[in-house]
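Spelled out, the chains give:
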Amino acid sequence: MSLSFGRDLYLTPGPSVMPDSVLAAMMRAAPSIYDGPIVDLTESIVTDLKTIAGTRHQLAMYIANGHGAWEAALENVFAPGEKALVVHTGNFAQSWANVAERMGIEVSYLHFGTDRAADAAVLAETLRADATHGIKAVFCTQTDTASSASNDIPALRAALDAAGHPALLMVDCVASFACERFEMDAWGVDVMLTASQKGLMCPPGIAYVFYNEKAEARARPKPDRAPYWDWTDRANPGLYYQYFFGTTPTHLLYAQREALNLLLAEGMENVFRRHEIFAQAVWAAVEAWGTAGPLRLNVANRAHRSRAVTAVRAKGVDCFALQKWLRHKTGLTLGKPIGFDTPEFGNGAHAFRIGHMGHMNPPMLLGGLSSLQAGLIACGIAHGAGGVDAAVQVIAANA
Ligand SMILES: *Cc1c(COP(=O)(O)O)cnc(C)c1O
């Protein structure tokens, strides 16, 4: 018996749920891309994204997903053979590094495991040892979407400063942008990238790369950069088509405008607080379930946890069967595990992820957690009592 009649729920860490008004904003004819309202609309998106990013500097936009944002940022900063240091806290840092390696960048790693944030003291020590300042940039994720560990970006900045190292600091905020606080200029971040389909509540398709003057000054010489990825004209277009180096993604821009309207109407402080409360509700549920049986939060240290996504380990449990049950019986889709493909985690079978980013309210979140608890029962997965109630208490106490 499937009870899945009604609106399906996706608690995946992207693409996230799109608000109805965002969907509706795209239901219209194509505009003129020569002049008129689309020009002002594009400018207004740039302005508002810079506000949310906490920067007065540059924003280059691309028709791309997060992988495109990775390549765009790397292409502008690095020539082949130059050195990058990757602060590794999960699979997404690794995937970005893989792109860098394929581009001929010499990558070295600081591994911090896949269940915690980076240790800034280790970064400072590593940079001090780089006496010739061969490392051109340090890159990391704010939230690693696979491990759900979140880095303390100001602490990493302080490590670069303490070491007196001139490397650029480049941060991937695809999972965390517009979910968790980020202050590019105040935190001294030189390059930050994100994409439209997570906290920004839009279809995948627009990648955003923010950069400051220091990044431009240290960047790869302009003539060497691939023309499509060069950020210069995109950030300062003399002609409208230069924003996207070709036809603009018109309908994605309508969607993004509406999503920004929603975020700004709610107020970013409220948006961050809402994500904080939802994260705490998820943690409370998983901790209660974990009082008996194998379910555990992947990131044990509260201070190291993402507010946008939560990875859950379940040693010995067939989480694929659980996810299948949830999808077919209830209409709930959870995030697949990424980076748990070791024998210890059943080659990926003993983990799942809960996305709690973007367009979400308590009925959605609590409905999802309740369905998940039903799945635990139906699939015979041992768990402590009171998971849903623990989440309900968090919502009641904070709303
Ligand atoms: C989703 C994500 C990406 C990749 O985005 P795609 O659109 O899937 O290419 C990169 N980094 C982080 C932290 C992400 O969460």
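Computed from a predicted model, the values in this text were never measured in an experiment.

Reading the values: the criteria
- Residues numbered from 1 in each chain as written.
- Predicted model: local features only at pLDDT ≥ 70, side-chain atom pairs only at ≥ 80, totals over all residues.
- Heavy atoms only, no water.
- Pairing = 2+ DSSP bridges.
- Helix = DSSP H or I, 4+ residues; strand = E, 2+ residues; numbered from the N terminus.
- Axes fitted to C-alpha atoms, helices over the stretch in contact; angles between N-to-C directions.
- Contact = heavy atoms within 4.5 Å.
- Expected span 1.5 Å × (residues − 1).
- Domains from an automatic or database assignment.
- Buried area = accessible area lost by both parts, 1.4 Å probe.
- Salt bridge = Lys/Arg side-chain N within 4 Å of Asp/Glu carboxyl O.
- Polar contact = N/O pair within 3.5 Å; in protein donor to acceptor, adjacent residues only side chain to side chain.
- Nonpolar A, V, L, I, M, F, W, Y, C, P; charged D, E, K, R; others polar.
- Near = heavy atom within 4 Å.
- Areas by Shrake-Rupley, 256 points an atom, 1.4 Å probe, with all protein chains shown as cover.
- Buried < 20%, exposed > 50% of the residue type's maximum accessible area, 1.4 Å probe, protein only.

Student: Looking at this model, I keep getting lost on the sheet that holds strand β12 (residues 351-355). Mind explaining?
Tutor: Remark on secondary structure: sheet strands pair via backbone hydrogen bonds, oriented parallel or antiparallel. With antiparallel pairing, 3 strands are arranged side by side in an open sheet as β9-β10-β12. Sheet topology places β9 (295-297) and β12 at the edges, where each strand pairs with a single neighbour. Going across the sheet, the axis of each strand differs from the next one's by a mean of 30°, ignoring polarity. Here β9 pairs with strand β10 (residues 309-314) via 3 bridges, running antiparallel. Across the sheet, residue R296 finds its bridge partner in β10, namely R313. Helix-sheet contacts for helix α10 (residues 268-289) involve β9, β10 and β12, and the interaxial angle to β9 is about 145°. Helix α11 (residues 319-330) rests against β10 and β12 of the sheet, and its axis sits at about 40° to β12.

Student: Explain α11 here, please?
Tutor: Think of an α-helix as 3.6 residues a turn; residues three or four steps apart then line up on the same face. With 12 residues, α11 should cover 16 Å at 1.5 Å per step; its first-to-last C-alpha distance of 16 Å lies within 8% of that length. Next to the buried residues of α11 lie β10, β11 (332-334), β12 and α12 (362-378).

Student: So what exactly am I meant to see when it comes to the domain arrangement of the protein here?
Tutor: The figure often quoted for interface size is the accessible area lost as the parts come together. Each assigned domain of the protein is listed here: domain 1 (9-16 + 268-398) and domain 2 (31-264). Its C-alpha centre places domain 1 at a distance of 28 Å from the equivalent point of domain 2. On the domain 2 side, the residues contacting the 28 residues of domain 1 number 25 residues. Between domain 1 and domain 2, roughly 2100 Å² of surface is buried when both sides are summed, and carbon and sulfur atoms account for 59% of that area. Taken together, domain 1 and domain 2 are joined by 2 salt bridges. Applying the counting criterion to the domain 1 and domain 2 interface returns 14 residue pairs in polar contact (both at pLDDT 80 or more). Sorting the residues of the side of domain 1 that touches domain 2 by element identifies α10 and β10 as the ones contributing at least two each. For the side of domain 1 that touches domain 2, the per-class residue count stands at 13 nonpolar, 10 polar and 5 charged.

Student: What should I look at first to understand the site of the ligand in this one?
Tutor: Inspection of the region around the ligand gives N65, G66, H67, W70, F92, T143, T145, D172, V174, A175, Q197 and K198 as its neighbouring residues. One of the side-chain N or O atoms of Q197 is found 2.5 Å from an oxygen atom in the ligand. At 2.6 Å, a side-chain N or O of K198 approaches an oxygen atom of the ligand. Isolated, the ligand exposes 380 Å² of accessible area, and the fraction of that covered by the protein chains is 89%. By residue number, the principal contributor to the shell around the ligand is helix α3 (residues 66-77), which donates 3 residues. Tallied by class, residues from the shell around the ligand come to 4 nonpolar, 6 polar and 2 charged.

Student: So what exactly am I meant to see when it comes to unusual backbone geometry here?
Tutor: Residues other than glycine predominantly adopt negative phi, and peptide bonds predominantly adopt the trans conformation. Residue P15 is bonded to the preceding G14 through a cis peptide linkage, with omega at -5°. Relative to the assigned elements, P15 resides in the loop between β1 (9-11) and α1 (20-25). Phi at H133 is positive, roughly 55°, even though this residue is not glycine. Its place among the elements puts H133 in the loop between α5 (120-129) and β5 (135-141). Judged by its relative accessible area of 36%, H133 is partly exposed.

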